[in-house]
Amino acid sequence: MKNLDYNYLCTFIGNMSGVPIRLYKNNRQIFYHALVNLPKDPMDAFKKDILAIDTHVGYYITPYFHYYGIVCDGANKIVIGPSIQTASNEQTLRELAFKCDVSPDDTADFIIGMKSIVSMPLDSILQILCTMNYVMNEEKRTWRYNHLRCRAAGP
């Protein structure tokens, strides 16, 4: 679509879902929106793997069972997440904070922010991705797992 306002799309989807969302152009972040306060973006720990997804629609599951969805249309990539179906425990979030290089002074705020992100089933994230793909690529997709590319974190 010509003249697509990506910032508006990201803001709207982020507000509707309660999940952080980012816009990348040529793998460089140009927009970020979140309803929660996070001292560091938890995606930083997995950015390389997430941005390696180059299909129109895909998702990535971290070793902490957080998931990120991605929609691409050439140079533009929108990444939504993390979300999780059930809440993470505090130890898991401390490990993630360490992996994201969150300072000890900011770790409590990071944990509070992560606990404030809306828990959402992966199916719901996939439906959001398919909707965004239709807007961005004018391509209809179903949300079934076998039609979307998944990259899961290694051991």
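Thresholds applied
- Residues numbered from 1 in each chain as written.
- Predicted model: local features only at pLDDT ≥ 70, side-chain atom pairs only at ≥ 80, totals over all residues.
- Heavy atoms only, no water.
- Helix = DSSP H or I, 4+ residues; strand = E, 2+ residues; numbered from the N terminus.
- Rg over C-alpha atoms; globule rule 2.2 N^0.38 Å.
- Contact = heavy atoms within 4.5 Å.
- Lys, Arg positive; Asp, Glu negative; His and termini not counted.
- Charge placed at Lys NZ, Arg CZ, Asp CG, Glu CD.
- Core = buried A, V, L, I, M, F, W, Y, C linked by side-chain atoms within 4.5 Å.
- Buried < 20%, exposed > 50% of the residue type's maximum accessible area, 1.4 Å probe, protein only.
- Phe/Tyr/Trp six-rings, centres within 6.5 Å; stacked < 30°, edge-to-face > 60°.
- Pairing = 2+ DSSP bridges.
- Polar contact = N/O pair within 3.5 Å; in protein donor to acceptor, adjacent residues only side chain to side chain.

**Q** Can you walk me through the overall build of the chain in this structure?
**A** A count of helical and extended segments in the chain gives five helices and six strands. Relative to the 2.2 N^0.38 estimate, which gives 15 Å for 155 residues, the radius of gyration of the chain is 15 Å and therefore close to what a compact globule would have. Counting only C-alpha atoms, the chain reaches 45 × 30 × 25 Å along its principal axes. Contacts in the chain between residues at least 24 apart in sequence constitute 58% of all its contacts with a sequence separation of at least 6. Charge separation in the chain, taken as the distance between the mean sites of 16 positive and 15 negative side-chain charges, equals 7 Å.

**Q** So what exactly am I meant to see when it comes to the nonpolar core here?
**A** Where a protein is soluble and globular, its nonpolar side chains tend to be buried together. By size, the foremost hydrophobic cluster in this structure holds 45 residues, and its most contacted members are Ile50, Ile78, Val79, Ile80, Leu129 and Met132. It is helix H5 (residues 122-137) that provides the largest number of residues to this core, a total of seven residues. If we skip the residues at most four places from it in the chain, isoleucine 80 touches Ile13, Ser17, Val19, Pro20, Ile21, Arg22, Tyr67, Tyr68, Gly69, Ile125, Ile128 and Leu129.

**Q** Quick question: what am I supposed to make of the packing of aromatic side chains here?
**A** When we look at a pair of aromatic rings, we describe it by the centre distance and by the angle of the planes. The final tally for this structure, using the stated rule, is three aromatic pairs. An angle of 20° between the planes, with centres 6.3 Å apart, marks the rings of tyrosine 8 and phenylalanine 12 as stacked. Placement of the pair is tyrosine 8 and phenylalanine 12 together in helix H1 (residues 6-17), with a separation of four residues, close to one helical turn. By relative accessible area, which is 45% here, phenylalanine 12 ends up partly exposed. Both rings, one in phenylalanine 46 and one in tyrosine 60, keep their centres 6.0 Å apart while their planes meet at 40°; by these two values the pair is tilted. With phenylalanine 46 in the loop between strand E2 (28-33) and helix H2 (47-51) and tyrosine 60 in strand E3 (residues 57-61), this residue pair connects regions lying 14 residues apart in the sequence. With respect to burial, phenylalanine 46 and tyrosine 60 carry one shared label: buried. Cluster of aromatic residues (ring-pair linked, three or more members): Phe46, Tyr60 and Tyr64.

**Q** It is not clear to me how the pairing of strand E5 (residues 76-83) should be interpreted in this structure. Could you clarify?
**A** Of all eight residues in E5, eight are buried, a share of seventy percent or more. Two strands pair when backbone bridges link them, and strand E1 (residues 21-25) and E5 are joined in this way by five bridges, in the antiparallel orientation. Each residue of the ladder has a partner; that of leucine 23, found in E5, is isoleucine 78. The antiparallel pairing of strand E4 (residues 67-73) with E5 creates a hairpin that spans two residues between the two strands, and glycine 74 there sits at a positive phi of about 85°.

**Q** Would you explain the side chain of asparagine 137 in this entry?
**A** Within the secondary structure, asparagine 137 is located in helix H5. The exposure class of asparagine 137 is buried, given its relative accessible area of 19%. Engagement of the side chain of asparagine 137 in a polar contact is seen with the backbone oxygen of cysteine 72, the distance being 2.9 Å. Of the polar contacts made by the side chain of asparagine 137, one reaches the side chain of asparagine 133; its length is 2.6 Å. Among residues more than four places away in sequence, those in contact with asparagine 137 are His56, Val71, Cys72 and Asp73.

Fair warning: the whole summary comes from geometry, so function is off the table for now.
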